[in-house]
Every structure is written in structure tokens, then in C-alpha cells.
Amino acid sequence: AGLASACKVKELEDIIARGIEERRRMHEIIQELRGNVRVYARIRPFLPGDGLPPGDSTSFVSAGTGSTVHVARPGDPSEHEFKFDRVFDQSAGQDCVYEEVSGLVTSALDGYNVV
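A brief look at the structure comes next. A quick note: this is a predicted structure, and the numbers were derived from the prediction, not measured. (Residues numbered from 1 in each chain as written. Predicted model: local features only at pLDDT ≥ 70, side-chain atom pairs only at ≥ 80, totals over all residues. Heavy atoms only, no water.)

## Structural notes on the packing of helix 1 (residues 2-34) against helix 2 (residues 94-109)
Now for step 1: In the contact formed by helix 1 and helix 2, the axes pass within 10 Å of each other and the chain directions differ by 130°. The orientation of helix 1 relative to helix 2 falls into the category oblique. In terms of crossing hand, the pair formed by helix 1 and helix 2 is left-handed. Where helix 1 approaches helix 2, its residues Arg-23, His-27, Glu-28, Gln-31 and Arg-34 are matched on the opposing element by Glu-100, Gly-103, Leu-104, Thr-106 and Ser-107.
Now for step 2: Here the residues of the contact of helix 1 with helix 2 sort into 1 nonpolar, 5 polar and 4 charged. (Axes fitted to C-alpha atoms, helices over the stretch in contact; angles between N-to-C directions. Helix = DSSP H or I, 4+ residues; strand = E, 2+ residues; numbered from the N terminus. Parallel < 35°, antiparallel > 145°, perpendicular 65-115°, else oblique. Left-handed = near helix turned anticlockwise from the far one by under 90°. Contact = heavy atoms within 4.5 Å. Nonpolar A, V, L, I, M, F, W, Y, C, P; charged D, E, K, R; others polar.)

## Examining the packing of aromatic side chains
Now for step 1: Scanning all chains against the criterion turns up 1 aromatic pair.
Now for step 2: A ring pair is formed by Tyr-40 and Phe-88, whose centres lie 6.2 Å apart and whose planes are at 55°; its orientation type is tilted. Residue Tyr-40 is found in strand 1 (residues 40-42), and its partner Phe-88 is found in strand 5 (residues 86-88); the two are separated by 48 residues along the sequence.
Now for step 3: Classification of Tyr-40 by relative accessible area gives partly exposed; the value is 23%. (Phe/Tyr/Trp six-rings, centres within 6.5 Å; stacked < 30°, edge-to-face > 60°. Buried < 20%, exposed > 50% of the residue type's maximum accessible area, 1.4 Å probe, protein only.)

## Some points on a nonpolar patch on the surface
Now for step 1: Together, Met-26, Ile-29 and Leu-33 make up a nonpolar patch on the protein surface, roughly 310 Å² of accessible area in all.
Now for step 2: The topology assignment puts Ile-29 in helix 1.
Now for step 3: The exposure class assigned to Ile-29 is partly exposed, which follows from its relative accessible area of 36%. (Patch = residues over 30% accessible without salt bridge, like charges linked within 9 Å, V, L, I, M, F, W, Y side chains within 5 Å. Areas by Shrake-Rupley, 256 points an atom, 1.4 Å probe, with all protein chains shown as cover. Salt bridge = Lys/Arg side-chain N within 4 Å of Asp/Glu carboxyl O.)

Next comes the structure, spelled out in C-alpha cells:
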């Protein structure tokens, strides 16, 4: 009975190991399909030491449609647009950022080279 039980445990451990390897392989395929290099931008709110006059909260950097950032210089009517894979605005918390990059974290923990 002990030998049969040990064999069954070994068989189940092998099934689990194959499942883990398959999950890693599928996860890596998904990451490659999304693109191996991704660029994210996160806009932070102004802090007291950023040199703005007291009470002035004018922002010269703003998030666009989720993948663009608009930058305007004070006194310059022109605006510059920059594109990224994803832009997080000033209200985005750590949880939003982590949700977006968690796949890359998983790849790194699985031992893949993450750029």
C-alpha cells in the first residue's frame, strides 16, 4: 500500500510540474505577442518643492487618450505630444500600475529575460 501511494504521489507531482511548465510557456507566448519592449509613462502631481508659486496647480504635462502625453511650456502656445504603450495619469495608483506590469513581473520570476 505504501509503495502504491508513493507512486501515485510521484505521478501527481509530475502532472503538476508539467502544468507549471505549460503555464510558463503559454505566459511567455502571450508576453511575446504583446511585444517584448514596452514603454510606460506615469504622470505625478506637482509636489511642493517643484517650484510652483503657492496655490498654483497649473499642469504643463497631461495624459491624453491612454497612450499619449501632452507637454506645454509656460508661455508657449504650442503643445508637444509623446506616444507610449500606456500612460498613467496623476490619479493612477500603484495598483493600476502593477496590474499593467504584473505579466512582466511574472516573466522575470519565471526566469525569462525581461527588458
